[in-house]
Amino acid sequence: MLIKFLTATNLRTKKLTKNQTKHLAKNLAIILVLILGLFWINPNITKEHRTDYHAAKLAVKVSSTYKTDVQQNYNIILTAKLAAADKGLPLDIVLGIIAVESSFDPLAVNKEKAFGVMQLTVASGLLPLEPLDYEQNIIAGTTLLQQYKLRYSSSSKAVNATGNTRYIEAYNAGNRRNPAYAKRVLLAAKQFRMRPIVT
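Since the structure is predicted, the reported quantities are computational estimates derived from the model, not experimental observations. (Residues numbered from 1 in each chain as written. Predicted model: local features only at pLDDT ≥ 70, side-chain atom pairs only at ≥ 80, totals over all residues. Heavy atoms only, no water.)

### Some details on the overall build of the chain
Part 1: Assigned secondary structure in the chain consists of eight helices and two strands.
Part 2: In sequence order, the secondary structure elements of the chain are arranged as α-α-α-α-α-α-β-β-α-α.
Part 3: Looking at the chain as a whole, 37% of its 199 residues qualify as buried.
Part 4: The contacts of the chain with a sequence gap of at least 6 include a subset with a gap of at least 24, amounting to 44%.
Part 5: When the accessible surface of the chain is summed, it comes to about 12500 Å², and 60% of that surface belongs to carbon and sulfur atoms. (Helix = DSSP H or I, 4+ residues; strand = E, 2+ residues; numbered from the N terminus. Buried < 20%, exposed > 50% of the residue type's maximum accessible area, 1.4 Å probe, protein only. Contact = heavy atoms within 4.5 Å. Areas by Shrake-Rupley, 256 points an atom, 1.4 Å probe, with all protein chains shown as cover.)

Right, here's the structure in full:
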């Protein structure tokens, strides 16, 4: 209807009658309400839109902190978000581990032969076929973290003043204690906490 009206109107001379101006304004208002309604009426669209916005914001922040590629960071963050949700893990902790272990470098390999963004080793038993592929690395890394979380979640000895951090320690040290590592991860995780989304 609007397209018909616009083609019928002489836009070159920009001479619109009063009725045409009212008609155009009304149609533009309807289109605006429909577009905004997509985000306000459907909370799922709003939530997803904002989540991606936060991932993009985090990607820029990570890029300036660790001097890494923004698009690559965005892909890593979205993969971590999906894997964390799938494994029932806090996203900020997963991203904190990535920050501490590899500084968001998917090609990181340390002297102990730990690979990728989550620095997986052969000893973990979960080293993927392509350990430097960030998606495979994150899926395997979050699987390992989930296993430790399940192992230590019921242990009263695992809980200290900051809550249950034993599973974070275990990610780095296995059965040995490493509270300094957990402290570093928790500190890094603070920068990745997202405000709750109101829908």
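### Let's talk about the packing of helix H6 (residues 134–152) against helix H7 (residues 166–173)
Part 1: Contact geometry of H6 with H7 gives a least axis separation of 8 Å together with a crossing angle of 130 degrees. Classified by the interaxial angle, the pair formed by H6 and H7 is oblique. The two elements H6 and H7 meet at a crossing, and its hand is right-handed. Where H6 abuts H7, its residues Gly141, Leu144, Leu145, Tyr148, Lys149 and Tyr152 lie against Arg166, Tyr167, Ala170 and Tyr171.
Part 2: Partitioning the contact of H6 with H7 into residue classes produces seven nonpolar, one polar and two charged. (Axes fitted to C-alpha atoms, helices over the stretch in contact; angles between N-to-C directions. Parallel < 35°, antiparallel > 145°, perpendicular 65-115°, else oblique. Left-handed = near helix turned anticlockwise from the far one by under 90°. Nonpolar A, V, L, I, M, F, W, Y, C, P; charged D, E, K, R; others polar.)

### Some points on the nonpolar core
Part 1: One finds Leu95, Ile98 and Phe104 to be the most contacted residues of the largest nonpolar core, which totals 38 residues.
Part 2: Elements represented by at least two residues in this core include exactly helix H3 (43–66), helix H4 (70–87), helix H5 (91–102), H6, H7 and helix H8 (179–189).
Part 3: Among residues more than four places away in sequence, those in contact with isoleucine 98 are Ile76, Ala80, Ser103, Phe104, Val117, Met118 and Ile138. (Core = buried A, V, L, I, M, F, W, Y, C linked by side-chain atoms within 4.5 Å.)

### What to know about the packing of aromatic side chains
Part 1: All told, the structure shown has two aromatic pairs when counted by the stated rule.
Part 2: Ring geometry for phenylalanine 104 and phenylalanine 192: centres 5.8 Å apart, planes at 50 degrees, overall tilted. Of this pair, phenylalanine 104 sits in the loop between H5 and H6 while phenylalanine 192 sits in the segment after H8, and the two are 88 residues apart along the sequence. Like phenylalanine 104, the residue phenylalanine 192 is buried in the burial classification.
Part 3: The aromatic ring of tyrosine 167 is capped on one face by lysine 149, whose charged end is 5.6 Å from the ring centroid. (Phe/Tyr/Trp six-rings, centres within 6.5 Å; stacked < 30°, edge-to-face > 60°. Lys NZ or Arg CZ within 6 Å of the ring centre and 35° of its normal.)

### Topic: the packing of H5 against H8
Part 1: Close contact between H5 and H8 brings their axes to 8 Å; oriented N to C, the two are set at 115 degrees. With respect to each other, H5 and H8 are oriented roughly perpendicular. For the pair H5 and H8, the crossing hand works out as right-handed. From H5, Asp92, Ile93, Gly96, Ile97, Ala99, Val100 and Glu101 reach across to H8, where they touch Tyr181, Arg184, Val185, Leu186, Ala188 and Ala189.
Part 2: For the contact of H5 with H8, a count of residues per class yields nine nonpolar, one polar and three charged.

### Considering H7
Part 1: Counting buried residues along H7, seven of its eight residues qualify, which places the element largely inside the surrounding structure.
Part 2: For H7, every residue scored as buried is listed here: Arg166, Tyr167, Ile168, Glu169, Ala170, Tyr171 and Ala173.
Part 3: Taken from the residues just after H7, glycine 174 is the one with a positive phi, measuring 65 degrees.

Read these as geometric descriptors, not functional statements.
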